[in-house]
Amino acid sequence: MQGQFITLEGTEGGGKSTNLRFIESFLVAQGIDVVITREPGGTDIGEAVRAILLNKDFSEMCDDAELLLMFAARAQHIQEKIKPALAAGKWVISDRFTDATYAYQGGARGVDIERIAQIEQWVQQGFQPNLTFIFDLPVKEGMARVLSRSQQTGQTIDRFEQEKQAFFEKVRTTYLERAKASPKRYEVLDASQSLAQVQQCIQARLRRGLP
Ligand code: TMP
């Protein structure tokens with residue numbers, strides 16, 4: 001049987017990574033074979049493209065190059081990793097996917113949505129996640145979490161994380177608009193709640209079954 005494809009989205013600092021592990025454990029406990037991955041990245045080629053995309057020395061990167069690099073990494077990811085895993089009956093959980101392109105390159109950078117939709121159709125030919133969790137929280141709160149994490153771990157801020165609040169407000173708004181337009185595929189989580197509360201909501205959603 002074909003596996004299911006779940007994606008995690010949201011602005012920075014919403015707890016995607018922690019909850020990705022939670023979702024993985026929940027599914028593994030049900031006897032499901034799970035593949036964890038991320039975008040941009042997920043394959044050797046995709047990770048090399050990610051390094052270019054997140055490099056904050058590349059401040060000259062134009063919006064179209066950014067958009068096409070996201071989809072170049074995604075094309076490889078779908079072909080090499082996601083589709084073969086789903087065909088083998090595994091469930092794939094990806095930390096971000098195409099909704100991020102609509103939110104960051106579309107909503108925040110201002111790239112024409114029609115253009116994104118055309119490239120999406122070209123690359124994905126209708127291929128979509130079965131379920132998308134959106135970790136939603138006030139932008140200021142998320143930015144503060146990212147800052148404190150980078151201070152604790154010594155991790156530097158990447159090319160996207162260095163954007164200003166207004167940029168992430170547009171990202172957030174776009175995610176919420178997309179969720180509202182197709183409520184079946186999305187589960188919006190209030191990520192400003194405690195981790196236990198967020199995980200309760202995730203569990204409840206997974207127990208209800210996928211659309
Ligand atoms: P991460 O911080 O969740 O690992 O994601 C890396 C960054 O890439 C994040 O700031 C969002 C950005 N991004 C886009 O701008 N467009 C996309 O299509 C994807 C997948 C990520």
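Residues numbered from 1 in each chain as written. Predicted model: local features only at pLDDT ≥ 70, side-chain atom pairs only at ≥ 80, totals over all residues. Heavy atoms only, no water.

## Quick word on helix H3 (residues 63-87)
Link 1 in the chain: An ideal rise of 1.5 Å per residue puts 36 Å on 25 residues; H3 measures up with 34 Å between its terminal C-alpha atoms.
Link 2 in the chain: Along H3, the helix axis deviates most sharply at Ile-78, where the bend reaches about 45°.
Link 3 in the chain: When H3 is considered as a whole, its buried residues turn out to be Glu-66, Leu-67, Met-70, Phe-71, Ala-73, Arg-74, His-77, Ile-78, Ile-82, Ala-85 and Leu-86.
Link 4 in the chain: Looking at the packing, one finds that the buried side of H3 touches strand S1 (5-10), strand S2 (34-38), helix H2 (44-54), strand S3 (91-95), helix H4 (98-108) and helix H5 (113-124). (Helix = DSSP H or I, 4+ residues; strand = E, 2+ residues; numbered from the N terminus. Expected span 1.5 Å × (residues − 1). Bend = angle between axes of the 7 residues up to and from the residue. Buried < 20%, exposed > 50% of the residue type's maximum accessible area, 1.4 Å probe, protein only. Contact = heavy atoms within 4.5 Å.)

## As for the sheet that holds strand S4 (residues 131-136)
Through backbone hydrogen bonds, the strands of a sheet pair up, either in parallel or in antiparallel fashion.
Link 1 in the chain: Here we have 5 strands laid out as an open sheet, ordered S2-S3-S1-S4-S5, and parallel in their pairing. Here the strands that pair on one side only, and so sit at the sheet edges, are S2 and strand S5 (186-190). This sheet shows a mean twist of 20° between the axes of neighbouring strands, independent of strand direction.
Link 2 in the chain: Pairing geometry for S2 and S3, over 5 bridges, is parallel. Within S3, the residue paired with Thr-37 across the bridge is Ser-94.
Link 3 in the chain: Across the face of the sheet, helix H8 (residues 195-207) comes into contact with S1, S4 and S5 while running at roughly 165° to S4. (Pairing = 2+ DSSP bridges. Axes fitted to C-alpha atoms, helices over the stretch in contact; angles between N-to-C directions.)

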